[in-house]
Amino acid sequence: MNGDEQLLNRRVYGVDHEAPNPGPLPHRAYAALVGGPLDGLLLDIHGWRTEEVDDGVALPTELGRWPGGRALYDPRPGESRILGAGVTCRFYYSGDTP
């Protein structure tokens, strides 16, 4: 099993952990969240435009520096992306905001 297949066994951000299948769906595109409070989760980015992926995300979480705040994740410039389904890119933790 390669690294991307191992990541696909992980939980998707925003999906209830008690859901029957909190993991990724085979026909969707995901960004792997690296570092910070949401490390190891996958973010569903299916249907996002390139510009939206380039902008990164501010994800609500109770696990960051400010409970009820947001954890910031961004792609690294120039890092390769894979088109299609599965884990297509990585977003790296860059900080928290209230």
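Report follows, based on the coordinates. (Residues numbered from 1 in each chain as written. Predicted model: local features only at pLDDT ≥ 70, side-chain atom pairs only at ≥ 80, totals over all residues. Heavy atoms only, no water.)

**Quick word on the overall build of the chain**
Part 1: On a plain count of helices and strands, the chain comes out with two helices and five strands.
Part 2: Element order for the chain, N to C, with α for helix and β for strand: α-β-β-α-β-β-β.
Part 3: Relative to the globule expectation of 13 Å for 98 residues, the C-alpha radius of gyration of the chain, 13 Å, shows essentially globular dimensions.
Part 4: In terms of principal-axis extent, the alpha carbons of the chain reach across some 35 × 35 × 25 Å.
Part 5: Expressed as a percentage of its 98 residues, the buried residues of the chain come to 33%.
Part 6: Taking all contacts inside the chain whose residues are at least 6 apart in sequence as the whole, residues at least 24 apart take part in 49%.
Part 7: In the structure as shown, the chain presents an accessible area of about 6000 Å², 50% of it carried by carbon and sulfur atoms.
Part 8: The averaged location of the 14 negative side-chain charges in the chain is 2 Å from the averaged location of its 9 positive side-chain charges. (Helix = DSSP H or I, 4+ residues; strand = E, 2+ residues; numbered from the N terminus. Rg over C-alpha atoms; globule rule 2.2 N^0.38 Å. Buried < 20%, exposed > 50% of the residue type's maximum accessible area, 1.4 Å probe, protein only. Contact = heavy atoms within 4.5 Å. Areas by Shrake-Rupley, 256 points an atom, 1.4 Å probe, with all protein chains shown as cover. Lys, Arg positive; Asp, Glu negative; His and termini not counted. Charge placed at Lys NZ, Arg CZ, Asp CG, Glu CD.)

**Topic: the sheet that holds strand S3 (residues 57–61)**
Part 1: The five strands lie next to each other as S2-S1-S5-S4-S3, forming an open sheet whose pairing is mixed. Two strands close off the open sheet at either side, each with one partner strand: strand S2 (42–44) and S3. With direction set aside, neighbouring strand axes in the sheet form an average angle of 40°.
Part 2: Here five bridges tie S3 to strand S4 (residues 69–74), and the two strands are oriented antiparallel to one another. In the strand pairing of S4, proline 60 is matched with arginine 70. (Pairing = 2+ DSSP bridges. Axes fitted to C-alpha atoms, helices over the stretch in contact; angles between N-to-C directions.)

**Brief notes about the pattern of salt bridges**
Part 1: Counted under the stated rule, the structure contains four salt bridges.
Part 2: In this structure, arginine 81 engages aspartate 54 in a salt bridge whose closest nitrogen and oxygen atoms are separated by 2.5 Å. On the criterion of sequence distance, the pair formed by arginine 81 in the loop between S4 and strand S5 (86–97) and aspartate 54 in helix H2 (residues 50–55) is long-range, its members being 27 residues apart.
Part 3: We classify arginine 81 as partly exposed; its relative accessible area is 36%.
Part 4: For aspartate 54, a relative accessible area of 43% corresponds to the partly exposed category.
Part 5: One continuous salt-bridge network, built from bridges that share partners, spans Arg49, Glu51 and Glu52. (Salt bridge = Lys/Arg side-chain N within 4 Å of Asp/Glu carboxyl O.)

**Here we look at the pairing of S5**
Part 1: Strand direction decides the pairing type here: strand S1 (residues 29–34) and S5, joined by six bridges, are parallel. The residue of S5 that forms the bridge with alanine 29 is glycine 86.
Part 2: The sheet contact formed by S4 and S5 spans five bridges and is antiparallel. Looking at S5, one finds that tyrosine 73 is bridged to tyrosine 93.

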